[in-house]
Amino acid sequence: MKRILLLGASGSIGLQTIDVILQHPDLFELAAFGVGKNIEQARDILKQFDVPAFAVQKESDAVTLAREYPGKTVLFGEEGILDLMKQTDYDVLVNALVGFAGFAPTLAAIESDHDVALANKESLVCGGELIQRALALHSAVIYPIDSEHSAIFQCLQGNRTRQVRRLIITASGGSFRNLSRDQLKDVTLEQALAHPNWSMGAKITIDSATMMNKGFEVIEAHWLFHLPYDQIDVIMHPQSIVHSMVEYVDHSVMAQMGTPDMRLPIQYALSWPDRLPLDETPLDLAKVGTLEFHEPDKERFPLLALAYEAGEKGGNLCAVMNAANEAANHAFRNRQIPFTMIEDIVIGAVRECPFAELNTPEDLLAANTAGYEYAVNRIGKVY
Ligand code: MG
């Protein structure tokens, strides 16, 4: 029985993780969980699972819930999450938090020798170097939940990483893949939130539309699979059936395919090396008919090119980029800025924030603040 501590339980990945746990009650058990502001979801989870403790974002919600559930420990805030991790007996952390907030729990799990099933790619984008250092000192392992990285992980099974020629990450292109740069100027939030293939949370759906998400995935792949950036390629694949590929030195290309359903990568991250049945619609290639691939247009999607640049240069740049993106993405979702300004702000932050080395969690915090403040300043000038 694997005991799971689930953070971000009320989000898209969180809910699908709960579905996976419920499908295999003989193998998986929910040990504890954290939600943000969605306390209705906390109540729902508590109907299905008897956990001794859980965490919410706001103190006032914690007070309310502590009254409703007198036998349980209710924690709150970032400290509350770390306390929950300390006091819970668990085997694997499923980190489905959104954004920079996911970094500290990922690091804390590794430093306490707990495995991490990682959906929070920002942990590696911002603090990949720090996470890598912690992994070298501890027995913990990261299992990717991001579908592309799960695909690569699956394609690597039974092969040797040192014989990899390159990783090929597939990209659907997001909601606006068929629009020109000119047409992007007037797009609405509602249009941006309608992803053609995947059902995901709002933040990542916007990141997909700008392809910042794909840029993050390149950086995530660099840290997960220890390959330089010139061995990590992106290819456009509108059908999202091939979830990513690995090319070996003999030019054999392994691809992992499936219907776009996040429950498969979630389940594999928890069941590896085993495979378990999953009640998803099986892939019917005859029905899909055509699989298309083409080169990404780096001028059309400047944030993809920017991610390569920030990743290569290293230091604080990826954390700055992530923080500026987090603020700009949020401002777009609040209808404070137009869609194309997300790109302007993120590019501006990477160009204009001073470069610094990133050696400690304090350096990371400073980089996050710098990127965030740059973005807030730019957003303030629009509003
Ligand atoms: Mg992905």
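Sequence positions are assigned chain by chain, starting from 1 and proceeding in written order. Local features in this predicted model are restricted to residues of pLDDT 70 or higher, and side-chain atom pairs are both shown and tallied only at a pLDDT of 80 or more, whereas totals for entire chains, interfaces and linings draw on every residue. Excluding hydrogens and water, the side-chain figures rest on all heavy atoms present in the structure.

(A) Representation of the nonpolar core within the structure. Counting 128 residues, the largest nonpolar core has Phe33, Ile145, Leu167, Leu270, Met321, Ile337 and Ile345 as its most contacted members. A run of H or I in DSSP counts as a helix once it spans at least four residues, and a run of E counts as a strand once it spans at least two, with each numbered from the N terminus. Element by element, the count of residues in this core is highest for helix α14 (residues 317-333), at ten residues. Put simply, buried Ala, Val, Leu, Ile, Met, Phe, Trp, Tyr and Cys residues joined by side-chain atoms within 4.5 Å make one nonpolar core. For every residue, the accessible area obtained with a 1.4 Å probe (protein chains only) is divided by the maximum for its type, and the residue is called buried under 20%, exposed over 50%, and partly exposed between those limits.

(B) Up close: the coordination of the magnesium ion. As a rule, N, O and S atoms within 2.8 Å of a metal are its donors, except that Na, K and Ca use 3.2 Å; water is not among the atoms, so sites may look incomplete. Within the protein, the atoms that donate to the magnesium ion are Asp146 (OD), Glu148 (OE) and Glu217 (OE), at distances of 2.1 Å. Read N to C, the donor residues that coordinate the magnesium ion are spaced as D-x1-E-x68-E. Of this pair, Glu148 sits in helix α7 (residues 147-156) while Glu217 sits in helix α10 (residues 212-225), and the two are 69 residues apart along the sequence.

(C) Structural view of the pairing of strand β11 (residues 253-257). Strand pairing requires that DSSP identify at least two bridges connecting the strands. Sheet topology places strand β10 (residues 242-248) next to β11; five bridges connect them, and they run antiparallel. By the bridge assignment for β11, Val242 is matched with Met257. Connecting β10 to the next strand, β11, in antiparallel fashion are four residues, including His251 with a positive phi near 70°.

(D) Structural view of the sheet that holds strand β8 (residues 164-171). Strand order in the open sheet formed by four strands is β9-β8-β10-β11, with mixed pairing between adjacent strands. The sheet terminates laterally at β9 (232-236) and β11, the two strands that pair on one side only. Strand-to-strand twist in this sheet, taken as the mean axis angle between neighbours without regard to direction, amounts to 20°. Pairs of residues are marked as contacts when any of their non-hydrogen atoms sit within 4.5 Å. Fitting a line to C-alpha atoms yields each axis, with helices limited to the stretch in contact; the angle taken between N-to-C directions then spans 0 to 180 degrees. Helix-sheet contacts for α10 involve β8 and β9, and the interaxial angle to β8 is about 150°.

(E) Focus on the domain arrangement of the protein chain. Taken as a whole, the protein chain is organised into domain 1 (2-144), domain 2 (147-259 + 284-308) and domain 3 (314-383). Between the C-alpha centres of domain 2 and domain 3 there is a distance of 23 Å. Listed as interface residues are 23 residues of domain 2 and, on the opposing side, 17 residues of domain 3. Regarding the contact of domain 2 and domain 3, the summed buried area is about 1800 Å², with carbon and sulfur atoms giving 72% of it. Put simply, a salt bridge is a Lys or Arg side-chain nitrogen that is within 4 Å of an Asp or Glu carboxyl oxygen. One can count two salt bridges joining domain 2 with domain 3. Here Glu190 and Arg335 are joined by a salt bridge, their closest N and O atoms 2.5 Å apart. Boundaries of every domain are those given by an automatic assignment or by a domain database. Here the buried area means the combined drop in accessible surface, using a 1.4 Å probe, for two parts upon being joined, counting both sides.

(F) Region of interest: the layout of surface pockets. Using a 1 Å grid laid over the protein atoms alone, points where a 1.4 Å probe fits but cannot get out form a cavity; open sets with protein on both sides within 12 Å along at least 5 of 7 lines form a pocket; any residue with an atom within 4 Å of a point counts as lining. Grid points are joined across faces, edges and corners, and a volume is the space filled by probe spheres set on the points. Taken as a whole, the second largest pocket spans an internal volume of roughly 280 Å³. Every element with two or more residues in the lining of the second largest pocket is listed here: α6 (122-137), β7 (142-144), α7 and α10. Looking at which domains feed residues into the lining of the second largest pocket, each of domain 1 (2-144) and domain 2 (147-259 + 284-308) supplies at least three.

(G) A look at the pattern of salt bridges. Counted according to the given criterion, the structure contains 23 salt bridges. Residues joined in a network through salt bridges with shared partners are Lys121, Asp146, Glu148, Lys214 and Glu217.

(H) Representation of the packing of aromatic side chains. Note on ring pairs: Phe, Tyr and Trp rings are taken, using the six-membered ring of Trp, and paired if centres are within 6.5 Å. Classes follow the plane angle, with under 30 degrees stacked, over 60 edge-to-face and the rest tilted. Taken as a whole, this structure holds ten aromatic pairs when the rule is applied. Each residue in the set Tyr143, Phe153, Tyr268 and Trp272 is aromatic and connected to the rest through ring pairs, giving one cluster. Comment: the charge-over-ring label is applied if NZ (Lys) or CZ (Arg) is within 6 Å of the ring centre and within 35 degrees of the ring normal. One residue, Lys298, lies across the ring of Tyr308, its end atom 4.6 Å from the ring centre. Between the NZ or CZ atom of Arg300 and the centre of the ring of Phe301, over which it lies, the distance is 4.2 Å.

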